[in-house]
Amino acid sequence: MKARRVLRAFVVALVRTLRNEPASADAIERWRVSASEQLTAVEALAAREGVAPEAMRLRIDRREMSMGLILAGLRYHLDEEFPHLRRRFGDESLGVMRANCLDDSFRLGKLADALPCAPALQTGLQTLAQHLLEVPEPEPR
């Protein structure tokens, strides 16, 4: 059964390539790209607000962390780790992705709470934190 699925996927990909059709992104990939775009917007907003990511430090779970470290960790998850997990393990990786997103969302929430002097940045962080908690279900194949 598995060999048949692989062969079918190969034929479909070959036909789409020959027709020059772009691959359609599934809901999880669209969610990931949206989260990455929101993170880019938050980073740009922090630069405009004059918030230095490495200077902004807070204590989360008895560990000292900078804003730069929190955002860089999230960037790594969104751009490197999640795509790798999806390629390697498919939809079985959603549990790991959701756990990472829960942790990242918690950190973003704490970071937003520590920035009362920058309300626009605070709102952007809270919006991104909420988006991370809304990982969609895989689409049926």
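This one's a predicted model, so the numbers in the text were calculated from it and none came from an experiment.

A.B. asks: Got a sec to walk through the nonpolar core? Specific residues and values, please.
C.D. replies: Residues Met67, Leu108, Leu121, Leu125, Leu128 and Leu132 are the most contacted members of the largest nonpolar core, which totals 33 residues. Of all elements in the fold, only helix H2 (27-49), strand S1 (57-60), helix H3 (67-89), helix H4 (94-113) and helix H5 (119-132) reach the threshold of two or more residues within this core. Not counting the four nearest positions on each side in its chain, Leu121 is found in contact with Val42, Leu45, Ala46, Val51, Met67 and Leu115.

A.B. asks: Can you break down H4 residue by residue, with the values?
C.D. replies: Compared with an ideal rise of 1.5 Å per residue, which puts 20 residues at 28 Å, H4 spans 28 Å between its outermost C-alpha atoms and is within 8% of the ideal. Here H4 has its buried residues at Leu94, Met97, Asn100, Cys101, Asp104, Ser105, Arg107, Leu108, Leu111 and Ala112. The elements touched by buried residues of H4 are H2, S1, strand S2 (63-66), H3 and H5.

A.B. asks: Lay out the pairing of S2 with the relevant residues and their values.
C.D. replies: Both S1 and S2 contribute to a ladder of 4 bridges, which runs antiparallel. From the neighbouring strand, Leu58 faces S2, where its bridge partner is Met65. Hairpin geometry of S1 and S2 is characterised by an intervening segment of 2 residues between the two adjacent antiparallel strands and by a positive phi of about 50 degrees at Asp61.

Conventions we followed
Residues numbered from 1 in each chain as written. Predicted model: local features only at pLDDT ≥ 70, side-chain atom pairs only at ≥ 80, totals over all residues. Heavy atoms only, no water. Core = buried A, V, L, I, M, F, W, Y, C linked by side-chain atoms within 4.5 Å. Buried < 20%, exposed > 50% of the residue type's maximum accessible area, 1.4 Å probe, protein only. Helix = DSSP H or I, 4+ residues; strand = E, 2+ residues; numbered from the N terminus. Contact = heavy atoms within 4.5 Å. Expected span 1.5 Å × (residues − 1). Pairing = 2+ DSSP bridges.

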